[in-house]
Amino acid sequence: MKNILAYLCFFLVLSVPAFAQISGNLSGQLDAWARQAAENGYHGSVLVASGGKILLENGYGLADRESGRKQSAETVFSVGSITKQFTAAAIMKLESQGKLRLDDPLSKYFPDAPGDKASITIHQLLTHSAGFPGAIGDDYENVDAAQFARLAFGEPLMNPPGKTYEYSNVGYSLLGIIVEKVSGMGYEPFLRDHLWLPAGMTRTGYVAPKFQKEQLATGYRNGQRWGTALDHPWLPEGPGWHLRANGGVLSTTGDMYRWYKALTNNTVLPKTATDKIFTPHIAEGPQAQSFYGYGWVVQDMDGQRVIWHNGGNGVYNAFMGFVPATGVCVIVSSNSNNKISDELAMQLYTILNGKDPGKVMMQTGDEAPYRNNPVTNAIYQAILEKGAAHFAQNSQNILKDAGFDFEDDMQLLGVGERLEEAEKWGEGVALYEAYTRLFPRIVVAWNRLGKCRAATGDKTGARAAWEQSVALRPKNNPAVNWLKE
């Protein structure tokens with residue numbers, strides 16, 4: 001998801017012409033646009049502020065479609081990879097306390113780290129330049145810290161440390177383990193005591209806020225109920241370490257705005273620390289116009305510096321960004337993968353700039369962004385040109401070369417849908433087999449793998465895929481009927 005936004009942000013905001021603004025005050029314009037988005041299928045919460053004044057804080061659509069529960073400004077959602085900024089801030093808190101250094105090597109905290117990883121520094125982990133892969137397991141596999149470290153150290157590096165940007169959840173989970181080792185506290189308790197509560201954030205965390213399911217937005221994937229984070233397996237102290245410290249923190253738009261104010265006012269960290277956090281340390285690709293700081297993306301757009309991050313798990317998604325020069329801050333959540341927060345956030349940002357928000361959507365083309373973007377186009381062409389067998393044998397390298405975000409399975413879904421529409425069933429099998437290896441708990445991937453296998457005449461393989469799907473979700477799953485048929 002992050003790769004798509006970087007492309008959209010830089011290209012679209014610079015290309016929209018001025019327009020005659022919607023009648024009414026600015027708050028009314030923003031609310032009118034969000035309501036229009038809700039009429040077109042958006043469900044989520046929105047907060048927009050400028051110069052310290054909140055212009056819009058509201059929920060739109062439904063937090064739970066089956067019960068009819070409405071979304072509100074207080075609805076709790078998963079912030080996804082926006083979690084990384086909390087982990088980065090925790091590291092900077094410990095650095096400001098003199099308890100660690102950013103040039104400390106992994107071997108200082110993990111004496112058993114193998115030779116190729118022992119010299120990796122905390123700075124390299126923070127900037128995604130350590131060389132670790134994007135992910136090494138499923139978000140809801142309940143591995144503890146020791147198990148996770150062994151798995152991470154057993155993985156080959158994608159690149160030599162310090163040389164190349166390679167977005168990595170693995171690196172941020174290791175940072176979370178370092179927070180625990182250095183502080184002597186659990187990851188969530190440390191953040192709660194030293195960052196969240198001092199910032200006035202009482203509705204942010206994993207288990208400490210004691211959220212009830214009816215407070216959370218229910219997630220939907222392609223119209224099918226996925227549930228909430230509380231419906232999926234966690235350890236007693238929070239998610240396993242495939243997710244902890246790199247994603248999955250639960251919060252509200254109000255609490256996330258308090259976080260923005262605490263950082264920019266230096267309430268929880270000294271200015272020397274926040275300056276390092278918001279420094280553009282490394283380009284996100286050879287020709288990228290965006291740079292990674294510590295847990296934030298730093299990008300110049302429309303003559304202004306914008307600092308942002310997004311996150312999602314293919315169900316929930318969220319966006320948070322701000323403009324330091326003007327105090328503009330936009331926070332958007334969504335509990336459905338068919339309407340991503342990034343697009344609405346950019347449209348609201350465009351309204352604030354006095355330009356036409358409709359042009360943001362128009363520039364992306366008729367297809368949804370997860371289907372039609374430079375990354376999915378490159379993957380799609382590689383499969384068509386080189387064939388299913390070649391993709392099956394070289395999928396990891398092909399995805400990497402295309403700039404695939406190994407956190408965002410939606411890009412694979414977009415490619416798969418296009419292959420199915422073109423009736424490229426063998427290519428679809430290869431794509432969805434790679435999809436289910438990388439994201440083994442995604443029900444829709446198993447369902448579509450079964451569909452493609454059935455279309456090639458492989459009924460045994462189709463049955464196996466659908467049985468796996470039903471094992472993951474026994475109810476509200478079309479695969480139940482497909483198996484009967």
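What this report covers is the structure whose coordinates are included nearby.

Basis of the calculations
Residues numbered from 1 in each chain as written. Predicted model: local features only at pLDDT ≥ 70, side-chain atom pairs only at ≥ 80, totals over all residues. Heavy atoms only, no water. Helix = DSSP H or I, 4+ residues; strand = E, 2+ residues; numbered from the N terminus. Rg over C-alpha atoms; globule rule 2.2 N^0.38 Å. Buried < 20%, exposed > 50% of the residue type's maximum accessible area, 1.4 Å probe, protein only. Contact = heavy atoms within 4.5 Å. Areas by Shrake-Rupley, 256 points an atom, 1.4 Å probe, with all protein chains shown as cover. Lys, Arg positive; Asp, Glu negative; His and termini not counted. Charge placed at Lys NZ, Arg CZ, Asp CG, Glu CD. Expected span 1.5 Å × (residues − 1). Axes fitted to C-alpha atoms, helices over the stretch in contact; angles between N-to-C directions. Parallel < 35°, antiparallel > 145°, perpendicular 65-115°, else oblique. Nonpolar A, V, L, I, M, F, W, Y, C, P; charged D, E, K, R; others polar. Pairing = 2+ DSSP bridges. Phe/Tyr/Trp six-rings, centres within 6.5 Å; stacked < 30°, edge-to-face > 60°. Salt bridge = Lys/Arg side-chain N within 4 Å of Asp/Glu carboxyl O.

1. Focus on the overall build of the protein
Step number 1: Within the protein, the regular secondary structure consists of 18 helices and 14 strands.
Step number 2: Against the compact-globule benchmark of 23 Å for 485 residues, the protein has a radius of gyration of 22 Å, which places it among compact chains.
Step number 3: Along the first, second and third principal axes, the C-alpha set of the protein runs to 65 × 65 × 45 Å.
Step number 4: Evaluated residue by residue, the protein yields a buried proportion of 58% over its 485 residues.
Step number 5: In the protein, the proportion of contacts linking residues at least 24 apart, taken out of those at least 6 apart, comes to 66%.
Step number 6: Of the roughly 18400 Å² of accessible surface on the protein, a fraction of 49% belongs to carbon and sulfur atoms.
Step number 7: Averaging the coordinates of the 45 positive side-chain charges in the protein and doing the same for the 48 negative ones gives two points 3 Å apart.

2. With respect to helix H9 (residues 253-264)
Step number 1: Compared with the 16 Å implied by 1.5 Å per residue over twelve residues, the 17 Å span of H9 between its first and last C-alpha is a close match.
Step number 2: Among the twelve residues in H9, nine count as buried, and that is most of the element.
Step number 3: Residues of H9 that are buried: Thr253, Gly254, Asp255, Met256, Tyr257, Trp259, Tyr260, Ala262 and Leu263.
Step number 4: Asparagine 266 sits one or two residues past H9 and shows a positive phi near 55°.

3. So, the packing of helix H13 (residues 374-402) against helix H15 (residues 425-438)
Step number 1: Relative to each other, H13 and H15 sit at 10°, their axes nearing to 9 Å. By the angle between their axes, H13 is roughly parallel relative to H15. Taking contact as the criterion, the partners of Ile383, Ala388, Phe391, Ala392, Ser395, Gln396 and Leu399 in H13 are, on H15, Gly426, Glu427, Ala430, Leu431, Ala434, Arg437 and Leu438.
Step number 2: In the contact of H13 with H15, the residues fall into nine nonpolar, three polar and two charged.

4. Looking at the pairing of strand E2 (residues 53-60)
Step number 1: Note: strand E1 (residues 44-50) against E2, seven bridges, orientation antiparallel. The residue bridging serine 50 from the neighbouring strand is lysine 53, located in E2.
Step number 2: Hairpin geometry of E1 and E2 is characterised by an intervening segment of two residues between the two adjacent antiparallel strands and by a positive phi of about 60° at glycine 51.

5. Some points on the side chain of histidine 232
Step number 1: Position of histidine 232 among the secondary structure elements: in the loop between strand E7 (224-227) and strand E8 (250-251).
Step number 2: Every residue in contact with histidine 232, bar those within four places of it in the chain, is listed here: Tyr140 and Trp226.

6. A short note on the packing of aromatic side chains
Step number 1: Counted according to the given criterion, the structure contains 20 aromatic pairs.
Step number 2: Here the aromatic rings of phenylalanine 404 and phenylalanine 406 are separated by 4.8 Å at their centres, their planes lie at 75°, and the arrangement is edge-to-face. Assigned by exposure class, phenylalanine 404 and phenylalanine 406 land together as buried.
Step number 3: On the numbers, 5.2 Å between centres and 50° between planes, the contact of tryptophan 466 with tryptophan 482 is tilted. In this pair, tryptophan 466 sits in helix H17 (residues 459-472) while tryptophan 482 sits in helix H18 (residues 479-484), placing the two residues 16 residues apart along the sequence.

7. Details of the pattern of salt bridges
Between side chains of opposite charge, a pair can form as their charged atoms come close.
Step number 1: All told, the structure shown has 20 salt bridges when counted by the stated rule.
Step number 2: Two residues, aspartate 103 and arginine 101, come together in a salt bridge whose shortest N-O distance is 3.1 Å.
Step number 3: Classification of arginine 101 as exposed rests on a relative accessible area of 51%.
Step number 4: With its nearest N and O atoms 2.5 Å apart, the salt bridge here joins aspartate 231 to lysine 213. In this pair, aspartate 231 sits in the loop between E7 and E8 while lysine 213 sits in the loop between helix H8 (187-196) and strand E6 (219-221), placing the two residues 18 residues apart along the sequence.
Step number 5: Sharing partners across several salt bridges, the network here consists of Glu417, Glu420, Arg448 and Lys451.

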